[in-house]
Amino acid sequence: MNNKEQLEATLKNELNTIADCSESIKQEPNKTLTLLKQAVVSGQETLKKHFQEHHNAYQVVFGRSYFVDLIIQQVADIKFNTLLSEVSIIAVGGYGRGELHPHSDVDLMILLPNEHENKYDESIEQFLMLLWDIKLEIGHSVRTLDECVTEAEKDITVITNITESRPLSGSQSLYLKMLDSTSTKNIWDSKSFFEAKLREQHSRHIKFESSAFKLEPNIKESHGGLRDIQMIGWVAKRHFGASTLDELVEHGFLTAEEFKTLEQGEELFWQIRASLHYLSGRREDRLLFDYQRDLALEYDFEDGPNNLAIESFMQRYYRTAMELERLNEMLLQLLKEAILFTNQSTEPEIINTRFEVVHGFINARNTNIFIQTPTALLEIFLLLELNTEIQGVKAETIRLIRENKHLINDEFRQSDKAKELFISIISAPEGVTHELRRMNRYGILAAYIPAFEKIVGRMQYDLFHAYTVDEHTLSVVRNLRRFSAAEFLHEYPLCSAVFNHLPKPELIYLAGLFHDIAKGRGGDHSALGAVDAKEFCLNHNLPEADAELVSWLVSSHLIMSVTAQKKDISDPDIVNNFAHQVKNQTQLDYLYLLTVADIRGTNPTTWNNWKDSLLAELYNKTSVVLRLGIQTSVSIDKSIRQSQKSSLNILTKQGYTPEHIEAIWQPFGNEYFLRFTPDEIARHILLVLEDENTSIPVVQFEPQADKGTIEISIYMGNIDGQFVTTTAALEQMGLNVVDAFIMATDNDENTLNIFQALNGENTVGELEELRLVLIEKLTQIDMATAPPNQRTPRTIKHFTMPTKISFSQERAKNRTIIEISSVDKPGLLARISRAFLESNVRVHNAKIATMGEKADDLFHITDFNNKPITDETIQQTITKKLISYLDET
């Protein structure tokens with residue numbers, strides 16, 4: 001007896017007591033609930049044990065369905081009694097296919113004859129109540145035969161459920177009448193059914209963000225998931241009457257090898273889904289971070305020198321999803337030709353000796369075309385770019401591409417024709433992103449660029465990178481392409497303007513394609529990728545200068561992001577140093593565009609107007625330096641005087657004298673005037689003037705539409721604890737602080753504090769309420785203010801990293817710079833502020849950057865006497881204090 005037979009025999013034994021005692025149960029109904037509960041619990045335990053011992057999801061999934069069949073049949077017999085012969089109990093949905101994962105719902109339809117006068121109501125209610133009482137998760141519908149047909153006509157999901165239904169108990173003739181009434185001769189012919197399912201799949205893919213490559217994919221619903229396999233089965237059953245997918249091999253729609261790939265993909269996903277259900281103890285189809293580590297260990301993946309076990313496990317998942325996605329595309333195209341075009345005969349439109357267009361899809365003119373002309377494996381994608389009216393690739397040609405991709409070898413890659421074709425693909429006026437994605441899906445991109453194969457499906461186990469490396473890479477190229485399109489000019493006007501001045505746009509696409517190509521190899525991926533990029537460019541006969549530019553962009557693709565987000569770009573020295581790294585305007589243009597495209601393609605939640613404004617500010621300031629030369633003390637003084645003059649002009653128009661204004665800002669210092677615009681300076685001075693008439697802190701909330709932030713300006717007495725009180729209060733308000741500037745005035749008697757917080761779309765009234773709350777907090781500063789006690793998000797809990805703290809000296813300003821890297825968590829800034837206060841540290845500037853689960857914060861600090869902190873012993877004390885607060889759970 002094999003494992004499956006043993007399992008079924010064991011499950012059947014679980015019900016022997018009930019089956020043997022069915023008559024006594026009817027006489028003593030109180031026994032029914034206890035016995036059935038025991039049977040369900042025992043059966044579930046048997047299934048779980050079997051899965052743990054044999055790890056065979058097929059046996060467990062079909063075994064549970066078999067077991068539930070027995071339960072339902074027994075319950076139906078008990079509760080319907082003699083009425084059972086007049087109704088039909090039908091399994092629908094996954095249960096209709098005989099598939100029940102460990103915690104999947106049991107979907108039932110109770111089919112009634114048209115004329116019943118409510119005679120079955122009591123039996124139905126008792127039947128369902130008993131199933132719920134024994135802890136079966138039942139989803140059900142109760143319909144007459146006519147109602148069933150009416151609902152099926154209106155709703156594609158209803159007819160889909162009926163298509164894969166099977167009878168469990170009761171009237172077989174009633175069930176057969178339903179099948180006949182809902183067959184293709186009466187409703188939903190093959191064509192309309194297929195078109196509706198295509199629309200349904202398209203909507204589902206949009207709902208799940210059209211990507212299988214999210215960090216926490218849904219194994220059932222995401223692109224390339226189990227639903228995509230089921231989609232083929234539904235259409236095949238409706239059109240061919242095929243009960244299993246292997247019948248598609250007999251119909252000539254699948255090769256034996258393709259069916260094997262489909263079967264292996266389904267088997268893997270079933271295994272993972274069953275494991276997910278057991279790990280979570282519920283119906284859970286999302287590969288959440290909560291379970292990825294346990295699953296990786298369960299499937300015998302181990303941490304390696306360059307790959308975590310989780311990353312290797314997820315790469316297997318993503319690559320399988322990509323294969324299933326390709327098969328879904330090909331099979332749907334074949335079915336479309338069989339169902340939609342079956343009676344349409346049109347003459348092929350000849351493109352050249354190798355390709356033609358049939359029903360809007362490009363097709364190889366003979367099955368040996370790729371053997372005769374291997375470079376046609378690239379040519380087809382160029383033709384798709386040049387002929388944008390073509391809808392896609394014909395299914396037989398997709399199959400030929402996959403079967404012949406092994407022809408892309410070293411000899412192929414060294415051929416001048418292949419090189420010319422690839423550069424033409426990357427340089428095409430339209431369709432570059434679309435065809436690079438198609439090349440990736442068909443395996444051609446990885447075959448042509450072997451280094452790319454290593455990043456296909458490669459996950460990065462963090463919250464910053466929301467996609468696999470290959471998906472992120474192609475998203476970056478897409479973002480770059482959008483800068484060139486007139487219809488997207490409104491999205492990023494500066495980027496579009498800069499792009500229009502690029503001498504060779506294809507170079508930035510190549511940089512985008514290679515910028516992360518060395519991820520997962522160990523070492524500096526930027527440096528390693530730069531080597532690959534230069535070699536590729538030179539091998540493709542690009543001029544040396546172009547190869548150097550692409551290589552430099554890959555090696556430097558992070559420097560602008562780091563400078564803008566982690567350094568004080570109001571400091572001329574910072575901008576001067578960055579300009580020195582960039583060297584010239586052309587390289588700045590390319591780097592700026594690549595940086596914006598990279599951040600936008602990393603995570604949909606990462607990009608915001610604040611980062612946009614920082615990068616634009618750095619770009620514009622660096623452009624000035626590259627045009628006029630390095631900023632000197634003379635040019636800086638001139639800039640400060642101009643800023644003051646413009647600010648005075650604004651303020652004197654409101655009735656204030658220059659002498660009064662100059663007296664106020666006299667102690668402000670050059671740093672302030674370099675950091676803020678004349679409009680901002682005028683607003684701050686008005687805040688100080690308001691303080692002359694009040695004894696409480698003056699607070700202003702000012703939305704900054706261009707930056708996507710709220711500027712919180714505070715002028716008050718210089719009191720210890722105001723920074724920690726402010727940060728704690730702002731975090732409690734749900735405001736995410738990204739920048740802070742703290743300046744003592746009036747011989748240290750007062751301070752002007754300027755915070756930038758991301759705008760949560762607060763109304764004017766809400767901002768006024770927040771302002772009043774902050775004033776109240778600052779009026780009653782509590783030195784013992786505790787950081788806000790907020791719940792740590794689920795996703796953050798699964799990432800651990802040691803807190804890293806480093807000190808450096810900013811000698812020009814007589815300050816110390818402390819950099820803190822830690823796991824982001826609610827109240828993080830308030831915790832840091834509390835540690836600073838208890839360590840007698842004063843904050844002057846803060847740059848707050850969050851990258852997924854990681855916070856990289858930089859503070860310019862001194863002691864309470866405004867002296868830099870250079871003593872290593874004091875630095876160690878501060879470090880210990882910070883770690884004690886940051887490592888708190």
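For the structure itself, consult the block above.
Caption draft 1: Examining the sheet that holds strand β4 (residues 166-170) more closely. Strand order across the open sheet formed by four strands is β3-β2-β1-β4, with mixed pairing between neighbours. Since the sheet does not close on itself, it has two edges, and those belong to β3 (138-144) and β4, each with one partner. Strand-to-strand twist in this sheet, taken as the mean axis angle between neighbours without regard to direction, amounts to 25°. Here strand β1 (residues 88-91) pairs with strand β2 (residues 106-112) via four bridges, running antiparallel. Of the residues in β2, the one forming a bridge with A91 is L108. Of the strands in this sheet, β1, β2 and β4 touch helix α5 (residues 57-80), which is tilted by about 30° from β4. Contacts from helix α10 (residues 172-181) reach β1, β2 and β4 within the one sheet, and its direction differs from that of β2 by about 95°.

Caption draft 2: Main features of the side chain of S496. Of note, S496 is situated in helix α26 (residues 493-499). Classification of S496 by relative accessible area gives buried; the value is 2%. Not counting residues within four places of it along the chain, the set of residues in contact with S496 comprises F483, F488 and L489.

Caption draft 3: Quick peek at empty space enclosed by the protein. Under the counting rule described, the total for this entry stands at two cavities of 30 Å³ or more. Lining the largest cavity are 20 residues, and of these Q722, F723, V841, R842 and V843 lie nearest its centre. Counting only elements with at least two residues in the lining of the largest cavity, the list comes to α38 (722-732), β11 (737-745), β12 (750-758), α40 (828-838) and β15 (841-851). Of all the elements, β15 adds the most residues to the lining of the largest cavity, at four residues. Each residue belonging to the lining of the largest cavity can be placed in one class, and the counts come to 11 nonpolar, seven polar and two charged. Each pocket or cavity is described by its volume, and for the second largest cavity that value is around 30 Å³. Lining the second largest cavity, in full, are V40, Q44, L47, R64, F67, V68 and L136. Of all elements in the fold, only α4 (30-54) and α5 reach the threshold of two or more residues within the lining of the second largest cavity.

What counts and what doesn't
Residues numbered from 1 in each chain as written. Predicted model: local features only at pLDDT ≥ 70, side-chain atom pairs only at ≥ 80, totals over all residues. Heavy atoms only, no water. Pairing = 2+ DSSP bridges. Helix = DSSP H or I, 4+ residues; strand = E, 2+ residues; numbered from the N terminus. Axes fitted to C-alpha atoms, helices over the stretch in contact; angles between N-to-C directions. Contact = heavy atoms within 4.5 Å. Buried < 20%, exposed > 50% of the residue type's maximum accessible area, 1.4 Å probe, protein only. 1 Å grid on protein atoms, 1.4 Å probe; cavity = no way out; pocket = protein on both sides within 12 Å on 5 of 7 lines; lining within 4 Å. Points joined across faces, edges and corners; volume = space filled by probe spheres on them. Nonpolar A, V, L, I, M, F, W, Y, C, P; charged D, E, K, R; others polar.

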